[in-house]
Amino acid sequence: MLLRLLLSLPFECAICRKWPSASFEGVTGVCQSCIQTHANAPLFPTPSGLDACVAALSFDTQWAALISRYKFAPEPGLAKLFAGLMQRDTRIQKLLADADILLPLPLAPKRLEARGFNQALTLARRLVKHKINAHALIRTRNTSPQRLLDRQARQHNVANAFAVQTESCRVITGKHVLLIDDVMTTGATLAAAASAVRKAGAAKVSAIVIAQTPLDN
C-alpha cells in the first residue's frame, strides 16, 4: 500500500522539468513522455569475453547529464531511477533472473574515497540485492579514468586491473556471473573484469549497464 502511494506521488521530471509528472512502468523520476522519447536501448556487438551485454539507454545528452550527477555530484539517490529504467528491458530482466551472482565493478580505493560511494554497487542493490557479492571482485591497481582515453589506451589501462579474491573462487566456480556497471564505451573494462572472473572458474559471464556510449576515436 505504501509503495503504491509513493509511486503515485507527483514529481518534477529530471529531464524536461515538467511538474507534476507521475510514475510510468514503475519508473519514478522521469515522465512518461521522456521515457518514451529518450529511453531507447542501443544495439551493439557484445564485447570480447562476455556471453551477453545489455545497456538500457544510449548515452545521449539527456542521460549523460543525469549519469554525471549520479556519479560526480554525487547523487546516489538516482540509482533508483536508473534501476527502474534498466528493469524495463526484458533482456535485462532475463539476465537478472538467470544470474547466480551479481558482481558490481569495484572502484580503486582512492577513487572510492574521493567519490564516497561505488555507483555500480549502489545500482546493484536496487536491482537484485540478495544476489550481490560486493567483495569477490577487486581492483589490483589504480587506473586512469577511461573517459580520457582512446580505444587502444583503454584496453591497456585496464589490462589485468581486476582479480577475484581467493576465498571467493569457490562461490564463483561453475556459476553464471552478471557484472554491473554504469556506462560502457568500448567494453574494455567489462572485458578485463570478465577475464578475471573466468579465471576464477565462472561458467558464464554477462554484463548489464545503464548506458552505452560510442567512442569517436
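About the criteria used
- Residues numbered from 1 in each chain as written.
- Predicted model: local features only at pLDDT ≥ 70, side-chain atom pairs only at ≥ 80, totals over all residues.
- Heavy atoms only, no water.
- Buried < 20%, exposed > 50% of the residue type's maximum accessible area, 1.4 Å probe, protein only.
- Helix = DSSP H or I, 4+ residues; strand = E, 2+ residues; numbered from the N terminus.
- Pairing = 2+ DSSP bridges.
- Right-handed = clockwise from strand over helix to strand, strands pointing away.
- Expected span 1.5 Å × (residues − 1).
- Phe/Tyr/Trp six-rings, centres within 6.5 Å; stacked < 30°, edge-to-face > 60°.

Caption draft 1: Region of interest: the pairing of strand β5 (residues 176–184). Extensive coverage of β5 is indicated by the burial of eight of its nine residues. Pairing between β5 and strand β6 (residues 204–212): eight bridges, direction parallel. For L179, the partnering residue across the bridge sits in β6 and is A207. With helix α10 (residues 188–199) bridging β5 and its parallel neighbour β6, the resulting β-α-β unit is right-handed.

Caption draft 2: Expanded view of helix α3 (residues 61–72). Spanning twelve residues, α3 covers 16 Å between terminal C-alpha atoms, matching the ideal 16 Å at 1.5 Å per step. All of the buried residues along α3 are W63, A64, L66, I67, Y70 and K71.

Caption draft 3: Expanded view of unusual backbone geometry. The linkage connecting A73 with the following residue, P74, adopts the cis geometry, with an omega of -15°. Within the secondary structure, P74 is located in the loop between α3 and α4 (79–87). Its identity is not glycine, yet E25 carries a phi of approximately 55°, on the positive side. Residue position: E25 is located in the loop between α1 (2–8) and α2 (32–38).

Caption draft 4: Local environment of the packing of aromatic side chains. A full pass over the atoms with the stated rule returns two aromatic pairs. Relative to F117, the ring of Y70 has its centre 5.6 Å away and its plane inclined at 65°; by these criteria the two rings are edge-to-face. With Y70 in helix α3 and F117 in the loop between α6 (109–115) and α7 (119–125), this residue pair connects regions lying 47 residues apart in the sequence. The two residues Y70 and F117 agree in class, both being buried. Of the aromatic side chains, those joined through ring pairs into one cluster are Y70, F82 and F117.

Everything listed is a geometric property; what it means functionally is a separate question.
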